[in-house]
Amino acid sequence: MKALESVLVEKGLVDSAALDAIVDYYENRVGPRNGARVVARAWTDPDYRARLMNDATAAIAELDFNGRQGEHMVAVENGPRVHNLVVCTLCSCYPWPVLGLPPVWYKSAPYRSRAVIDPRGVLAEFGTVLPDDTEIRVWDSTAEVRYLVIPERPAGTGNLTEDELAALVSRDSMIGTTLI
Ligand code: FE
């Protein structure tokens, strides 16, 4: 993306600020909202949750989210004793249809190596400090399989609608670097 950006800017085809705004739009706003809808549905509909855990690609497609880099999805669920964290150690594989464009840190060499070697330390840097007895499972995305973390539904949200629940779910929680 950056290489493409510098070529386009150099040639005067785009201005850098406009491009940054577009990237921000897909990285932070539009993209991850799809994943948040999947999470909110899983929290509110036990049958949907079961289908999602069984075949995430099909369950995500039920909500009309499909396309490139989302063909083979696996949902992994956080629980009281289990926390899931997604990385792509090789490059930057990421589930585009549900999360949009990957953030810069996801593609960085330090995240890619340290998420595997020291997941607890990486999580702490995101402000996510887990109890010592929480098992951390690290999932390495590939061209074949992309992961979506289903965070735990926060306590005290029993009265919220599906839309309100979706609004609580951050992009980072679906990568697993934060709890919600
Ligand atoms: Fe990759």
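Residues numbered from 1 in each chain as written. Predicted model: local features only at pLDDT ≥ 70, side-chain atom pairs only at ≥ 80, totals over all residues. Heavy atoms only, no water.

This part is about the overall build of the protein chain. Secondary structure assignment for the protein chain yields 10 helices and four strands. Going from the N terminus to the C terminus, the protein chain shows its helices and strands as α-α-α-α-β-β-α-α-α-α-β-β-α-α. Principal axes of the C-alpha set define a box for the protein chain whose edges measure 50 × 35 × 30 Å. Every one of the 180 residues in the protein chain was classed for burial, and the buried ones make up 40%. Relative to all contacts within the protein chain whose residues are 6 or more apart in sequence, the contacts with residues 24 or more apart total 67%. Carbon and sulfur atoms make up 56% of the accessible area of the protein chain, which amounts to about 9,400 Å² in all. For the protein chain, the centre of its 18 positive side-chain charges and the centre of its 25 negative side-chain charges are spaced 1 Å apart. (Helix = DSSP H or I, 4+ residues; strand = E, 2+ residues; numbered from the N terminus. Buried < 20%, exposed > 50% of the residue type's maximum accessible area, 1.4 Å probe, protein only. Contact = heavy atoms within 4.5 Å. Areas by Shrake-Rupley, 256 points an atom, 1.4 Å probe, with all protein chains shown as cover. Lys, Arg positive; Asp, Glu negative; His and termini not counted. Charge placed at Lys NZ, Arg CZ, Asp CG, Glu CD.)

A positive phi angle, close to 70°, is found at Asp 64, a residue other than glycine. Its place among the elements puts Asp 64 in the loop between α4 (56–62) and β1 (73–77).

Our focus in this paragraph is the side chain of Asn 78. Topologically, Asn 78 is positioned in the loop between β1 and β2 (82–87). A distance of 2.8 Å separates the side chain of Asn 78 from the backbone nitrogen of Asn 84, its partner in a polar contact. Ignoring sequence-local partners within four residues, the contact set of Asn 78 consists of His 83, Asn 84, Val 149, Ile 150, Pro 151 and Glu 152. (Polar contact = N/O pair within 3.5 Å; in protein donor to acceptor, adjacent residues only side chain to side chain.)

Now for the pattern of salt bridges. Tallied over the entire structure, the rule returns nine salt bridges. A salt bridge links Glu 162 to Arg 41, with the shortest nitrogen-to-oxygen separation between them at 2.8 Å. Of this pair, Glu 162 sits in helix α9 (residues 162–168) while Arg 41 sits in helix α2 (residues 16–44); the two residues are 121 residues apart in sequence, bridging distant segments of the chain. Taking relative accessible area as the criterion, Arg 41 reaches 26% and is therefore assigned partly exposed. Between Glu 62 and Arg 51 there is a salt bridge whose closest N-O contact spans 2.7 Å. (Salt bridge = Lys/Arg side-chain N within 4 Å of Asp/Glu carboxyl O.)

Turning our attention to the coordination of the iron ion. Taken together, Cys 88 (SG), Cys 91 (SG), Cys 93 (N) and Cys 93 (SG) make up the protein donors of the iron ion, found 2.1 to 2.6 Å from the metal. In this structure, the iron ion is coordinated by four donor atoms arranged in irregular fashion, with angles at the metal of 80 to 131°. Written as a sequence motif, the donor residues of the iron ion are C-x2-C-x1-C. Here Cys 88 falls in the buried class, since its relative accessible area comes to 0%. (Donors = N, O, S within 2.8 Å, 3.2 Å for Na, K, Ca; no water. Tetrahedral: all angles 85-135°; square planar, octahedral: opposite > 155°, others 65-115°.)

Turning to the nonpolar core, a few remarks are in order. Val 38, Leu 52, Ile 60, Val 98, Tyr 111 and Leu 148 are the most contacted members of the largest nonpolar core, which has 40 residues in total. When residues of this core are assigned to their parent elements, the largest contribution, six residues, is made by α2. (Core = buried A, V, L, I, M, F, W, Y, C linked by side-chain atoms within 4.5 Å.)

We note that the domain assignment places domain 1 (1–30) and domain 2 (31–175) within the protein chain. Summarising the inter-unit geometry, the C-alpha centres of domain 1 and domain 2 are found 26 Å apart. Tallying the contact residues gives seven residues for domain 1 and 11 residues for domain 2. For the pairing of domain 1 and domain 2, the buried interface totals around 620 Å² over both sides, and the portion due to carbon and sulfur atoms is 47%. By the criterion of area lost to domain 2, the three top residues of domain 1 are Tyr 26, Glu 27 and Val 30, representing 66% of everything that side buries. At the boundary of domain 1 with domain 2, the tally comes to zero salt bridges. Our enumeration of links across domain 1 and domain 2 arrives at zero residue pairs in polar contact (both at pLDDT 80 or more). (Domains from an automatic or database assignment. Buried area = accessible area lost by both parts, 1.4 Å probe.)

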